[in-house]
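What follows is the residue order along each chain.
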Amino acid sequence: MVSDEFDVIVIGAGPAGENVAARAVRGGLSAAVVEEDLAGGECSYWACVPSKALLRPVELAADVRRVPGMSTGPLDVAAVLARRDEAVSHLDDAGQVKWIKSVPAEFVRGRGRLSGPLRVEVTAPGGAVRLLTARHAVVLATGSRAALPPIPGLREAAPWTSHEVTVAREIPKRLVVVGGGVVACEMTQAMHGLGAEETTMLVRGHSLLDRMEPFAGKLLRDSLADGGVDVRFGVEVTKVERSVPGGPVTVHLSEGPPITADELLMATGRRPATGDLGLGTVGLPEKGPVEVDDSMRATGVPEGWLYAVGDVNGRNLLTHMGKYQARVCGDVIAARVRGDRDDLPGLRAVADSLGAPQVVFTDPQVCAVGRTEAAARSAGFDVRVVEYDLASVTGAYLLGEDYRGRAKAVVDERRRVLLGVTFVGAGVAELLHSATIAVTGEVPLDRLWHAVPSFPTVSEVWLRLLEEYGL
C-alpha cells in the first residue's frame, strides 16, 4: 500500500463532492477526491443534465403549438439524442477531472471506503489498494442510487431506472413507467414526446407529485392525459416477465390485464449510496442515510471528523441542495482547522429545514419552495392561503392560447411572511428564485408589496397574489 496524507478526503466526485473540495482548498487546506465512476457524478451524466436535454425540445414544441401562427413538425429525435450526448460529454469525464485538478485537489480513481478513523482505502480499477489518511476530515459525498422494489421477476427483467432512460440510444414505441414522482413524470413526458407512442404510467397512490400541493399533480396529470399518456392510479405491479433479454417485457398488475411493452422504467425512489462504504468501521450503521447536524458533521461519530453532504445524508435529494450543503461543509471544516468561529450564519445549512426549492421540468412546469399548506398546518403555524389562476395574468396569456396554470402562497399570519409558494404553468420555473428569496429571507408581505413586477410578464402573478391577500 502507498500511503498519502491530506487535510481533507472526499469520497465521491459528484457536484457535492467537487464543491466540498473546492471550498476546503479555498480555505487553505489540501484535498483529495475519490471516485470509482465518472467525475461529475449522477447529475452530470444520468440525471439532471441529460434529462433536461431530452425535455427541452418537447417543452419548446408544446410552447410553439400554443402560439397562433406557429407550427411544428415532428421532432428530429436523432438530433435530440445527439444534443443529449454532447450535454453529457459523451460520458467522458476528462473535463471534470481536469477541473478537480485545477482546484487544485488530487483526483483518485477507484472505490473509496472507510477503514477506520480518518482512513480511506481506495481500490483502483486494476485492484491495487492505496491508503489515504486525512489530517482533519473525511467527507462522504456518494449520492444515491435508484431503489427497486422486491417484485417477482423484476431484477431478472433488467428494467430501466433513471440511470438507463436518460442515456437511451433509441426511444421505445411501447413504454411502461412505474411511479408518480419527479423522475416518473419527467421521463414519461420526455419519452412520450420523443416517440413512445404507447406510454402507460402506473401509480400506486392516487396522485402525481404527492409531496407537492395537490393541484400541481392534477394539472400535470391532465396535461399528460391530454397528450395521450395512459395514467392509472391505485395500481401495483405484482410480477414482471421478460423471457428474452432485450425483448418485450410483460407487466402483471394488481387489477386488470397485464401490459406488454418494449421497455419498463422503474421510477420508485432512491436510497443513499452507503453500501460498502465501511461505515461499520467507525461505528455507524452500514445502511441508510448518514445523519448529520447543520454543519454537515456526522452525529454518530463522537470525534467529529466525519461529514456527509448531498443525497447520502438523506436531507434533500436535490443536486442544488447537495452543492449548498457542500459549500457550508467545506467552509466549516476550514474554519475549524484554522480555529476560527464555526457558528456564523453562513456556516450552517439552515435552508434544508425551510423547504428546498425544486422544479419539475414538465409541461406544465411545476416549481415550489418552502412548506405546502398541509406541512405548514401540521407544523402548527397560523396559516392563511391565497391562490390565483395564472391564465388570468396578461404575461401568461401572451405565452399562448389555452394557457393553464395556478399559483399558491402559504402565509404565516402571525408574522405576515411566506412559508411556501407553488407555481404550475408553462414558463414559471424562472419565478422560483424570487419565491425562494421571499421564503428564505422571510420578507414581510408589506415590504414585498413594493417589489413591483414588470408588465407584461408572468411574474405579475406576485402582484395578484398579494392583492388576493388584501394588500
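In the block above lies the structure referred to throughout.
Here is a short report on the structure shown in this document. Bear in mind the structure is a predicted one, so any value in this text is a computation, not a measurement. (Residues numbered from 1 in each chain as written. Predicted model: local features only at pLDDT ≥ 70, side-chain atom pairs only at ≥ 80, totals over all residues. Heavy atoms only, no water.)

Its boundaries defined by the atoms lining it, the second largest pocket holds a volume of some 700 Å³. The wall of the second largest pocket is formed by 31 residues, among which A62, R65, R66, S223 and D363 lie closest to the centre. Elements with a contribution of two residues or more to the lining of the second largest pocket: α3 (48–65), α7 (182–193) and α8 (214–226). Ranked by the residues each element gives to the lining of the second largest pocket, the list is headed by α8, at five residues. (1 Å grid on protein atoms, 1.4 Å probe; cavity = no way out; pocket = protein on both sides within 12 Å on 5 of 7 lines; lining within 4 Å. Points joined across faces, edges and corners; volume = space filled by probe spheres on them. Helix = DSSP H or I, 4+ residues; strand = E, 2+ residues; numbered from the N terminus.)

With antiparallel pairing, the three strands of this open sheet are ordered in space as β11-β12-β13. Two strands close off the open sheet at either side, each with one partner strand: β11 (237–241) and β13 (259–261). On average, each strand axis in the sheet is tilted by 20° relative to the strand beside it, whichever way the strands run. With three bridges connecting them, strand β12 (residues 249–253) and β13 associate as antiparallel partners. The residue bridging V251 from the neighbouring strand is I259, located in β13. (Pairing = 2+ DSSP bridges. Axes fitted to C-alpha atoms, helices over the stretch in contact; angles between N-to-C directions.)

Among the residues of helix α15 (residues 461–469), V461, W462, L465, L466 and Y469 are the ones counted as buried. The buried residues of α15 occupy one face: seen down the axis, they fall within an arc of 140°. Against the buried residues of α15 lie β19 (383–389), β20 (406–412), β21 (417–425), α13 (432–440) and α14 (445–448). (Buried < 20%, exposed > 50% of the residue type's maximum accessible area, 1.4 Å probe, protein only. Arc of directions from axis to C-beta. Contact = heavy atoms within 4.5 Å.)

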